[in-house]
Amino acid sequence: MKRRTGNLLTDHPELYEARFPDPRRLAARWAEDLLRRYRAGPDVLDLGSGTGRDAARLHAGGRRVTAADLSGAMLAHARRHHPGPVYVQADLSRFDLGRGVFDAVVCLDSSLLYCHTNDQLDGFLSSCRRTLAPGGLLVAEMRNGAYFLGRDEPPTAPAVDRFTWRGTTYRSTTVLHVDRAAQLLRRTRGWTADDGSPPVEEHSAWRLLLPQELRHFLTVHGFDVLALHDGPGPRTEPVWRPGAEPGSTADGDRLHLIARKRVREPAGKSVSTHPVTTASPATGDQP
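Below is a summary of the structure that appears in this document.

Cut-offs applied
- Residues numbered from 1 in each chain as written.
- Predicted model: local features only at pLDDT ≥ 70, side-chain atom pairs only at ≥ 80, totals over all residues.
- Heavy atoms only, no water.
- Core = buried A, V, L, I, M, F, W, Y, C linked by side-chain atoms within 4.5 Å.
- Buried < 20%, exposed > 50% of the residue type's maximum accessible area, 1.4 Å probe, protein only.
- Helix = DSSP H or I, 4+ residues; strand = E, 2+ residues; numbered from the N terminus.
- Contact = heavy atoms within 4.5 Å.
- Polar contact = N/O pair within 3.5 Å; in protein donor to acceptor, adjacent residues only side chain to side chain.
- Right-handed = clockwise from strand over helix to strand, strands pointing away.
- Pairing = 2+ DSSP bridges.
- Axes fitted to C-alpha atoms, helices over the stretch in contact; angles between N-to-C directions.
- Arc of directions from axis to C-beta.

### Observations regarding the nonpolar core
- In terms of nonpolar packing, the biggest core is built from 35 residues, with Leu47, Leu112, Phe124, Leu138 and Leu257 touching the most fellow members.
- Elements with a contribution of two residues or more to this core: β2 (43-47), β5 (102-107), α6 (118-131), β6 (132-143), β8 (168-179), α7 (211-220), β11 (223-229) and β12 (254-261).
- Other than its neighbours up to four places away in sequence, phenylalanine 124 contacts Leu47, Leu92, Ser93, Phe95, Cys107, Leu112, Cys115 and Leu138.
- The next biggest cluster of nonpolar side chains, apart from the first, holds 25 residues, and it includes Leu26, Val65, Ala104 and Val139.

And the structure:
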C-alpha cells in the first residue's frame, strides 16, 4: 500500500467538496450571525479556509475577507472556484499578516486543533492577538476534548464509508485512537478507488482541548471569553438555526468559542508574547 502523511480529500479540493457538500454554507452563516451579534467590523481573517466556500460566503455578505490556508492545492481551488476574498498561504500556528488590521478572526471546522502542541497553540493565539484590532473578535468552532472524558475509547472496529464522484467509487476505512499523553485524537484512514489508482493510507490528528484549558490559554494571551459552549452550531444535532441563542453547557462533541481581544491589560498584568516560531465522533468524518 502506498503510504502518505497528507489527506486525500484536502489534497484534492474538488473531491473534498464532493464528499462534504455544503450548499447552505451553514458554518459561514453561523459565523456571520456571531459577527453581527457581537458587532464585529468588516475586516475578517478566515484561518484554515480550505476550499474557500465559507470565506466566499462571508465576502458575499459584505465582509472584506482575507482567507489563509497552508495547502497550496486548497488555495488554488479557492481562487478559481470561490473568488472574492484575498487568499494567502500561511501556517496558522505562526502567521504574520499585519498588526491590528482585522476586526475578527474566524477559525472553523476544527482548524485550531491542528495546533498539536502548547507551543503551536501559543503561536496561534499570539498571532491572532497581533493581527486583531483592539476589541477584535476570535470566533472558532471545533471538536470538544471534554466529550471524551469518562467515555470509552472510540470504536476499535473500522468505520467503513463510500461515495461516488465522476464515475469513480471511493471507499474508506477509518480508525480513531485517543492518545491521552499527547492529548490528540489520532485518525488512520485507508482509501481505495475503483479507477485503478493505488490504495492510500493517511494519518492525521486533532488536539483535544478541554474548555477550561482553552479559557486559560485565551486569558494568558489577552482575550476575554464571551461564550464557550457545545451548541447549537453548524455541526451539532440539532443544528444551529438563525436566531438561536448560544448554549451554556460544554458536554457535547463540538465546542464553540467567541472571545474578544482586550483593549488594555489590567494594572500589574502582562500578556504572553510567545515568539512566532515554529463528522461524527465515532467515524472522524467531520473536521
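Once the structure has been displayed, the description carries forward.
### Points about the side chain of arginine 254
- Looking at where arginine 254 falls in the secondary structure, it is placed in strand β12.
- Residue arginine 254 is classed as buried on the basis of its relative accessible area, which comes to 1%.
- Only 2.8 Å separates the side chain of arginine 254 from the side chain of glutamate 141, close enough to count as a polar contact.

### What to know about the pairing of strand β3 (residues 64-69)
- Summarising burial for β3: five of the six residues are buried, a large majority.
- Tracing the backbone out of β2, into helix α4 (residues 53-60) and back to the parallel element β3 gives a crossover that is right-handed.
- The pairing of β3 with strand β4 (residues 86-89) spans four bridges and is classified as parallel. Within the sheet, the bridge partner assigned to threonine 66 lies in β4 and is valine 86.
- Once the chain exits β3 it traverses helix α5 (residues 72-81) before rejoining the sheet at β4, and the crossover so formed is right-handed.

### Looking at the sheet that holds β5
- The strand order across the open sheet built from seven strands is β4-β3-β2-β5-β6-β12-β11, with neighbouring strands paired in mixed fashion. Pairing within the sheet leaves two strands with one partner each, and these edge strands are β4 and β11. For this sheet, the mean angle separating the axes of adjacent strands, direction not counted, is 20°.
- As paired strands, β5 and β6 are joined by five bridges and run parallel to one another. Its bridge partner being in β6, phenylalanine 102 is matched across the sheet by leucine 132.
- Contacting β2, β5, β6, β11 and β12, α6 runs over the sheet at an angle of about 140° to β6.

### A look at α7
- Among all positions of α7, only Pro211, Leu214, Phe217 and Leu218 are buried. Angular distribution of buried residues about the axis of α7 spans 125°; they occupy a single face of the element. Pointing more than 90 degrees away from the buried face of α7 are the exposed residues Gln212 and His216.
- Considering only its buried residues, α7 is in contact with α6, β6, β11 and β12.
- In the segment just after α7, glycine 222 is the residue with positive phi, at about 85°.

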